[in-house]
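Summary of the model geometry
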Amino acid sequence: MTALVGFLMIIAIIVLLLRNKMAPFVVLTVMPVLAALLLGFSSLQIVGFVEGGVQTTMTNGILFLFSVIYFGVLSDTGLFQVLVGRIIRPAGGSVIAMTAVTMLIATVSCIDGATVTAILITVPALYPIYVEMNIDRRILLCLTGTCMSVMNLLPWSGPVARAATVLNMDLNVLWHRLIPAQLVGLAVNLILAVVLGILAVKQGAHRLTGKTKEEGTVETSDISLLRPRLLKWNLILTIVLVVVLVLGIVPNYTAFMASLCILLIMNYPDMKQQNEIVKKHAPDALLIAATLYASGAMVGVLNETGMLSDMAEMLVHVIPGFLGQYIHVIFGLLALPIGMSIGTDAYFYGVMPLAIELGEAYGIEAVNTASAMLIGRCLTPFVCPLVPSLYLGLSMAKIELKEHLKFSIPVYWTASVILLVSGLLLGIV
């Protein structure tokens with residue numbers, strides 16, 4: 001009963017989000033509460049579930065509040081206009097070259113294994129270029145997600161660490177096993193960048209004009225906010241911020257709070273102007289923070305009601321016995337939809353141990369099952385409604401969740417199947 005209610009809730013949430021019937025934070029708050037009530041939990045218990053879930057997302061919410069405002073203000077100063085010209089110069093204004101550059105930047109910026117850092121570096125810098133070249137912004141998010149996902153197979157990333165914990169295996173040993181799949185993933189991403197670039201051209205994307213290529217000029221909403229004399233210092237501040245984020249010297253939200261204050265004081269010392277600029281970007285920041293906290297509430301309800309664990313167990317037991325010898329391949333193929341439905345921790349600590357146990361009953365080594373589930377799921381995070389960084393990317397690219405999911409899910413699932421097949425051929429799975 002609990003698992004059934006959980007799956008019905010997930011289906012209802014996905015349908016409501018795709019049909020754009022309610023704001024995401026409303027859907028992610030109301031539906032879990034209704035599911036918990038249906039399961040017989042009291043209102044006081046549900047309040048506790050929600051409170052516990054929100055607490056887990058508190059620091060990320062603060063991070064998103066200040067990061068969205070920071071990059072909004074940075075855009076007002078005109079820094080991204082100059083970066084546009086510098087970035088597109090090697091690409092020569094070509095649409096296909098630009099999508100390839102996107103793949104390169106997203107890959108390098110995710111070297112630390114943190115998806116938030118990759119989004120904060122890639123999307124704000126490339127968004128104005130995509131708008132200027134009339135490239136579908138869904139391509140920007142789609143490519144950013146594929147690159148982040150492949151880099152999430154690094155040993156210091158969350159997924160590999162979780163899988164190693166479940167396997168009771170040395171993390172580096174597991175990573176060395178996955179390196180060939182990573183290399184295939186990088187090649188797939190480059191091919192995907194070219195294919196999406198060709199698609200963009202067919203959709204009406206165009207080369208940049210000579211003036212834009214040389215000068216990097218992009219339309220701005222308020223010319224009076226441009227600070228050309230301070231561009232060098234704004235760039236230095238941002239580079240220092242990125243270095244601090246990568247090294248993890250201080251909490252991410254602390255770095256953005258301090259950087260935003262310095263940015264405002266340096267560029268707009270007048271208090272009235274500071275307030276106006278913050279108010280200009282605050283609505284986007286507040287909306288994404290609200291959605292993030294709502295997703296935390298949802299995870300809290302799913303965990304505390306037992307829905308997640310029961311859903312994971314049900315998924316394992318619905319597979320027919322005669323398919324047992326292929327259990328690792330089946331879970332690899334279903335990794336993306338399963339990962340979208342139950343979230344990261346439930347996938348690795350709920351589904352994976354059960355799948356490994358079931359596979360061992362049919363003579364399949366635990367590491368093979370875990371590798372298949374890792375490879376199959378690596379493209380899931382950027383299409384999972386339970387992942388906070390997804391909403392950050394959507395906000396910065398100014399895209400609706402349903403538009404992103406409709407465009408990216410088929411691409412991601414196809415790519416995950418290709419990676420899984422390559423894993424089989426290479427003996428990883």
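Note that the structure is a prediction, hence the values are computed from the model and not measured.

The rules behind each value
Residues numbered from 1 in each chain as written. Predicted model: local features only at pLDDT ≥ 70, side-chain atom pairs only at ≥ 80, totals over all residues. Heavy atoms only, no water. Helix = DSSP H or I, 4+ residues; strand = E, 2+ residues; numbered from the N terminus. Buried < 20%, exposed > 50% of the residue type's maximum accessible area, 1.4 Å probe, protein only. Contact = heavy atoms within 4.5 Å. Areas by Shrake-Rupley, 256 points an atom, 1.4 Å probe, with all protein chains shown as cover. Core = buried A, V, L, I, M, F, W, Y, C linked by side-chain atoms within 4.5 Å. Salt bridge = Lys/Arg side-chain N within 4 Å of Asp/Glu carboxyl O. pLDDT = per-residue confidence, 0-100. Phe/Tyr/Trp six-rings, centres within 6.5 Å; stacked < 30°, edge-to-face > 60°. Expected span 1.5 Å × (residues − 1). Axes fitted to C-alpha atoms, helices over the stretch in contact; angles between N-to-C directions. Parallel < 35°, antiparallel > 145°, perpendicular 65-115°, else oblique. Left-handed = near helix turned anticlockwise from the far one by under 90°. Nonpolar A, V, L, I, M, F, W, Y, C, P; charged D, E, K, R; others polar.

Helix and strand counts for the chain stand at 20 helices and zero strands. Split into buried and exposed, the 429 residues of the chain put 54% on the buried side. Counting only contacts in the chain whose residues sit at least 6 apart along the sequence, the fraction spanning at least 24 positions is 79%. When the accessible surface of the chain is summed, it comes to about 18,100 Å², and 66% of that surface belongs to carbon and sulfur atoms.

Let us look at unusual backbone geometry. For Asn134, which is not a glycine, the phi torsion comes out positive at approximately 60 degrees. Position of Asn134 among the secondary structure elements: in the loop between α6 (115-132) and α7 (137-151). Overall, the relative accessible area of 45% leaves Asn134 in the partly exposed class. A positive phi angle, near 55 degrees, is found at Lys398, a position not held by glycine. Along the chain, the position of Lys398 falls in the loop between α19 (388-397) and α20 (401-425).

Take the nonpolar core next. Membership of the largest hydrophobic core comes to 133 residues, with the highest contact counts inside it found for Met9, Tyr70, Ile135, Leu174 and Leu392. Not counting residues up to four positions away in its chain, the partners in contact with Tyr70 are Leu237, Thr238, Leu241, Phe256, Ser259, Leu260 and Leu263.

The topology assignment puts Ser395 in helix α19. Using a relative accessible area of 18% as the deciding quantity, one classes Ser395 as buried. Excluding residues within four positions of it along the chain, Ser395 makes contact with Val68, Asp284 and Ile288.

Throughout the structure, instances matching the rule amount to two salt bridges. Here Lys280 ties to Asp76 by a salt bridge, and the two come within 2.9 Å at their closest N and O atoms. Highlighted residues: Lys280 in helix α13 (residues 271-304) and Asp76 in helix α3 (residues 43-77), separated in sequence by 204 residues. Classification of Lys280 by relative accessible area gives partly exposed; the value is 38%. Looking at Asp76, the relative accessible area reads 5%, which means it is buried.

On to the confidence of the model for the chain, then. Here the chain averages 82 in pLDDT, while 89% of its residues score no lower than 70. For residues 211-220, every residue scores under 50 in pLDDT, and the model assigns this stretch 24 contacts once sequence neighbours within four places are set aside.

Now for the side chain of Ser408. Along the chain, Ser408 falls in helix α20. Under the relative-accessibility criterion, Ser408 is labelled buried at 0%. In this view, Ser408 contacts Cys142 and Val383; residues no more than four positions away in its chain are not counted.

Along the chain, Glu357 turns up in helix α17 (residues 344-361). Assessed through its relative accessible area of 55%, Glu357 is described here as exposed. As for Glu357 and Thr369, which are separated by 12 residues in sequence, their C-alpha atoms are 9.4 Å apart.

A separate point is the packing of aromatic side chains. We describe a pair of aromatic rings using the distance from one ring centre to the other and the angle between the two ring planes. Applying the stated criterion to the full structure yields four aromatic pairs. Seen in terms of ring centroids, Tyr70 and Phe71 are 5.3 Å apart; in terms of plane orientation they differ by 90 degrees. Their pairing is edge-to-face. Here Tyr70 and Phe71 have matching classes, each one buried. Within the aromatic cluster, the residues linked to one another by ring pairs are Tyr70, Phe71 and Phe256.

Looking now at helix α18 (residues 366-377). For α18, with 12 residues, the first-to-last C-alpha span of 16 Å sits near the 16 Å given by 1.5 Å per residue. In terms of burial, α18 is a largely internal element, 12 of the 12 residues being buried. Turning to α18, its buried residues number three or more, namely Ala366, Val367, Asn368, Thr369, Ala370, Ser371, Ala372, Met373, Leu374, Ile375, Gly376 and Arg377.

Let us look at the packing of α3 against α13. Between α3 and α13, the least distance of the axes is 7 Å, while the angle of their chain directions is 155 degrees. Here α13 runs roughly antiparallel to α3, going by the angle between their axes. Once α3 is placed against α13, the crossing between them reads as right-handed. A per-class count over the contact of α3 with α13 returns 20 nonpolar, eight polar and four charged.

Let us now look at α3. Between its first and last C-alpha atoms α3 spans 48 Å; for 35 residues at 1.5 Å apiece the expected length is 51 Å, and the two agree. Residue Gly78 follows α3 closely and has a positive phi angle near 100 degrees.

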